[in-house]
Amino acid sequence: MASEARVGEEEPKQLPVINEHKTLLNSEALYQYILETSVYPREPEAMKELRHITVKHPRCFMAAAADQLQFMSMLLKLINARKTLEIGVFTGSSLLATALALPEDGKVLAIDINRKYFDLGFPVFQKTGVAHKIDFREGLALSILDEILEKEEHSGSFDFAFVDADKINYINYHERVLKLVRMGGVIGYDNTLWGGFVVVPPGEPIPEELLKIKPEPITEEFLKIKDLTVEFNKFLAADPRVEICHLSIADGFTLCRRIH
Ligand code: SAM
Ligand code: CA
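Residues numbered from 1 in each chain as written. Chains lettered and ligands numbered in written order. Predicted model: local features only at pLDDT ≥ 70, side-chain atom pairs only at ≥ 80, totals over all residues. Heavy atoms only, no water.

Per an unreviewed UniProt entry, the chain goes by Caffeoyl-CoA O-methyltransferase and derives from Musa balbisiana. As stated in UniProt under Sequence similarities (unreviewed entry), the record for the chain gives "Belongs to the class I-like SAM-binding methyltransferase superfamily. Cation-dependent O-methyltransferase family." (UniProt positions renumbered as here; feature names shortened; annotations may be inferred.)

Right, dumping it as structure tokens:
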């Protein structure tokens, strides 16, 4: 599988596929069908180029899958997004999909604790003429969000926010991002089904079918994030400030529309 490629390995002969495993669909063949029929033929060249770069990174499993990015691009256009926020950039797959979907004068404020990841993908942004849309900030997302809220005139000004950094802070991000997104604006939280494990109650044995999805050892940290994701999903379902839509695309993607 392309997602197992390691730094220093030969360039794959075929176009690399990132996260072909990242679906909760029961049929791998059906997922491939979606990618090959509807996603890859329409994928911008720059996205393919960034995929070539990202797949060589040992942590390429972190990048969002191509079908989810196609969905996000469509969503941004449907809501006429001009100004967006991204928390968790990695090499820039979701950031590039966003930058390509925004108008020429659009802006993305992008936050990641590690600029080195983004530096790998940045030449593609430059080559494709969207680098001017990116305002990259390196650091802890919570501190940067607090700084932005305190010192900069961004409150209620973002059309969209994509949250895809450390899952343990999703609830903390929610409070801050809600203040930054405009009324009627959308926040997308990624990985909200956590590989399907959200159905497993704390301390209960993992069902066979889930062990097949995740053959690697299940760590304490993984289960802790699972429990926090369950809490977060419950919290969002009861939050009167947003309307929600919990999609089973990729690893689970929850959209929140700010209504208060
Ligand atoms: N959205 C990216 C994409 O589609 O390719 C993937 C993001 S990756 C899953 C998560 C990123 O969040 C990593 O690049 C990591 O450095 C960053 N991150 C983790 N914890 C963070 C924190 N507390 N503040 C800012 N960034 C953080
Ligand atoms: Ca993700």
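A.B. asks: Break down the environment of Leu210 for me, with residues and values.
C.D. replies: For Leu210, the position within the fold is in helix 8 (residues 208–213). Judged by its relative accessible area of 6%, Leu210 falls in the buried class. C-alpha of Leu210 to C-alpha of Gly196: the two residues are 14 residues apart in sequence and 7.0 Å apart in space. Ignoring any residue separated from it by four or fewer positions in sequence, one finds Leu210 in contact with Gly195, Gly196, Phe197, Val199 and Val200. (Helix = DSSP H or I, 4+ residues; strand = E, 2+ residues; numbered from the N terminus. Buried < 20%, exposed > 50% of the residue type's maximum accessible area, 1.4 Å probe, protein only. Contact = heavy atoms within 4.5 Å.)

A.B. asks: Now, about the side chain of Ser93: what can you tell me, with residues and values included?
C.D. replies: Looking at the secondary structure, you find Ser93 in helix 4 (residues 93–101). Overall, the relative accessible area of 10% leaves Ser93 in the buried class.

A.B. asks: Could you give an account of helix 1 (residues 28–39), with specific residues and numbers?
C.D. replies: When helix 1 is considered as a whole, its buried residues turn out to be Tyr31, Gln32, Leu35 and Val39. All buried residues of helix 1 project into a common sector of 100° when viewed along the axis, lining one side. Every exposed residue of helix 1 that faces more than 90 degrees away from the buried side is listed here: Ala29, Tyr33 and Glu36. Where helix 1 is buried, its residues touch helix 3 (66–78). (Arc of directions from axis to C-beta.)

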